[in-house]
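One-letter residues, chain by chain:
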Amino acid sequence: DVDRAAELLVEWVKSEGYLSARLITVNKSYVGETKARLLVYLYEGERTLVESAEFEGLEQLTRDQALDTLGVTEGKALNLFVFTEGIEKLKARYRNAGYLDFRVINEGTERVVTYADENRKARIRLELDEGPKFTVNRIEIEGNERTQKSVILHELSFKPGDVLKDDLLAESETNLKRLQIFSGVSVRIFTDSERPDTKVVVINVTEGTPGDWQARVGGRNDLGLRVFAAVGYGNLWGRNHAVRLEASVNYRVDQYFCQASACFPEYQAQLTYNYPHLFFKGLTLRPK
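Let me sum up the structure you'll find in this document. Keep in mind that this is a model prediction, so the values were computed, not measured.

Cut-off values and rules
- Residues numbered from 1 in each chain as written.
- Predicted model: local features only at pLDDT ≥ 70, side-chain atom pairs only at ≥ 80, totals over all residues.
- Heavy atoms only, no water.
- Buried < 20%, exposed > 50% of the residue type's maximum accessible area, 1.4 Å probe, protein only.
- Helix = DSSP H or I, 4+ residues; strand = E, 2+ residues; numbered from the N terminus.
- Arc of directions from axis to C-beta.
- Contact = heavy atoms within 4.5 Å.
- Pairing = 2+ DSSP bridges.
- Axes fitted to C-alpha atoms, helices over the stretch in contact; angles between N-to-C directions.

Brief notes about helix α2 (residues 63-70)
Listing the buried residues of α2 in full gives Ala66, Leu67, Thr69 and Leu70. Buried residues of α2 fall within an arc of 160° about the axis and therefore sit on the same side. Exposed and facing more than 90 degrees away from the buried side of α2 are Asp64 and Asp68. Turning to α2, the residues buried within the fold contact β3 (49-56), α3 (80-95) and β6 (121-129). Within two residues after α2, Gly71 carries a phi angle of roughly 75°, on the positive side.

What follows is the structure in structure tokens.
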């Protein structure tokens, strides 16, 4: 615990701009049988401040927006942890705006951050390739044998002509998996050879087994002998409609639970129908 605490302390010191900070040693002396005194020796080094931040190829964002996303402020201490996360946030911000081919050209090289004045100053330079802003040209669906295409299209968060965003692709795949009528779902994108600024979205699904049945036989002290059965179908007419029939029969054996000291068979049945997106998306009718 002591060593781990000392490592966390060094990480915090580095986050304050002391990039050369390191742990020298931890001296431990014991006072009595139940107490200890700890002395932590640190080397801080010089504090590194951001002298400048330059962007090459930045067009879709302002310089202030890019700096804010990176977590960098000129004249303030350089936090390499925040800066590294900021590069990933910058990528996500562009992809969620439709720039799916965005990349930092010099990422991973020594040109990103250079130091001067004995590591007291840091100069940041990012070379960006924003790429085109992609829109959806067309949507192709593969693998659906029973399911109608309209069911799949209804779960997508985009349509032809929309800007294609990374988060909308992930959201659409989640929506399709949530239907629970497919055992596999994949969403892939391809560049249209005729229109380089558009993408073709290919939805590939693997249909699962839509029907299920179950049966149980048991007994309870109040219900007596009991038989339960259920059968359901989860993709009726290929429209993601679901129907389910459940029925149970029991015969009480203990007269304490019977009416007027007479035991007789009891039964109940329930038919349920599920009609998703009745008039608009999100409205589901469930008559029973």
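Topic: the sheet that holds strand β12 (residues 241-251)
Ordered in space as β10-β11-β12-β13, the 4 strands form an open sheet in which the pairing is antiparallel. This sheet does not close on itself; its edge strands, each paired only once, are β10 (211-220) and β13 (265-274). Adjacent strand axes in the sheet meet at a mean angle of 10° when their direction is disregarded. Where β12 and β13 come together, 10 bridges link them in antiparallel fashion. Within the sheet, the bridge partner assigned to Leu245 lies in β13 and is Leu271.

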